[in-house]
Amino acid sequence: MANDRLRAVGERDAGSVVTLVDSDVLLDVFTEDPRWSEWSAEALAAARDVGVLVINPIVYAEVSVRFAAVEELDEALPAADFLREELPYPGGFLASKAYLRYRSNTGAKCSPIADFYVGAHAAVCRYRLLTRDAARYRTYFPKLALVTPDR
C-alpha cells in the first residue's frame, strides 16, 4: 500500500512544500492499477520527500469506495502520513466559479462540483496538487502548481 513507501509526517516547517493529493493517485496505488500505480507511488514518495501530504474530506470520501470499513481506510491513509484538512470556505466560492465556467464551456454535467473543490482547496491554500487530471486543473485553475505525469 501507499504508506509502505512513505515515512511518518514530522513537524511541519512554515516553509515546507505542501501537496494536496487527488484521489486518482491514491486509488492507482490501492488498486495496483497496471498503468498508473508505479508512477503514482513514486510521485507520492517524491512529494513526501520534499514536504507534507494533505487530503481533505472529498478525497477521503472518493478513496473510501475501495474499502469495506472505515478502519481499513484509516489504516491505508494514516494521519501520520497524510494531514487531514477541512475544506476552506473560500475554496467553495472558487470551486463554484470554476464549475460554472466548466458548465458554460461543455454544456454538460460530466464532472461533479466536488472535483472542482479539490483544485480550489489547493489553489486557495497555495498548495501543489498531485493528480493525473492535468487538463481539467490547468484549464480551470491555471495558476495552480501541479504534479502530473507530464511534469
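Residues numbered from 1 in each chain as written. Predicted model: local features only at pLDDT ≥ 70, side-chain atom pairs only at ≥ 80, totals over all residues. Heavy atoms only, no water.

**A word on the packing of aromatic side chains**
- Overall, the coordinates contain eight aromatic pairs when judged by the stated rule.
- Here Tyr99 and Phe116 contribute two aromatic rings whose centre-to-centre distance is 5.5 Å and whose plane-to-plane angle is 70°, an arrangement assigned as edge-to-face. Taken together, the positions of Tyr99 in helix α5 (residues 89–106) and Phe116 in helix α6 (residues 113–125) put the pair 17 residues apart, joining distant regions of the chain.
- Assessed through its relative accessible area of 0%, Phe116 is described here as buried.
- Consider the rings of Tyr102 and Phe116, whose centres lie 5.1 Å apart with planes at 45°: the pair is tilted. Highlighted residues: Tyr102 in helix α5 and Phe116 in helix α6, separated in sequence by 14 residues. Of the two residues, Tyr102 and Phe116, both sit in the buried class. (Phe/Tyr/Trp six-rings, centres within 6.5 Å; stacked < 30°, edge-to-face > 60°. Helix = DSSP H or I, 4+ residues; strand = E, 2+ residues; numbered from the N terminus. Buried < 20%, exposed > 50% of the residue type's maximum accessible area, 1.4 Å probe, protein only.)

**Points about the nonpolar core**
- Membership of the largest hydrophobic core comes to 42 residues, with the highest contact counts inside it found for Val21, Leu26, Leu44 and Leu77.
- Here the element with the most residues in this core is α6; it accounts for five residues. (Core = buried A, V, L, I, M, F, W, Y, C linked by side-chain atoms within 4.5 Å.)

**Points about the confidence of the model for the protein chain**
- Confidence along the protein chain averages 87 in pLDDT terms, with 86% of residues attaining 70 or more.
- No element of the protein chain has a lower mean pLDDT than α5, which averages 80, and none a higher one than strand β4 (residues 128–130), which averages 98.
- Counting contacts from residues 1–10, a segment whose pLDDT is below 50, to residues more than four positions away or on other chains yields 32 contacts. (pLDDT = per-residue confidence, 0-100. Contact = heavy atoms within 4.5 Å.)

**Overview of the environment of Phe82**
- Checked against the element boundaries, Phe82 lands in the loop between α4 (70–76) and β3 (83–84).
- Between the C-alpha atoms of Phe82 and Thr19, which are 63 residues apart in sequence, the distance is 9.9 Å.

**Structural notes on the pairing of strand β1 (residues 17–21)**
- Burial within β1 is extensive, with four of its five residues counted as buried.
- Where β1 lies against strand β2 (residues 51–55), four bridges are found, and the strand directions are parallel. In the strand pairing of β2, Leu20 is matched with Val54.
- Both β1 and β4 contribute to a ladder of three bridges, which runs parallel. Each bridged residue has a counterpart across the sheet, and for Val21 the counterpart in β4 is Leu130. (Pairing = 2+ DSSP bridges.)

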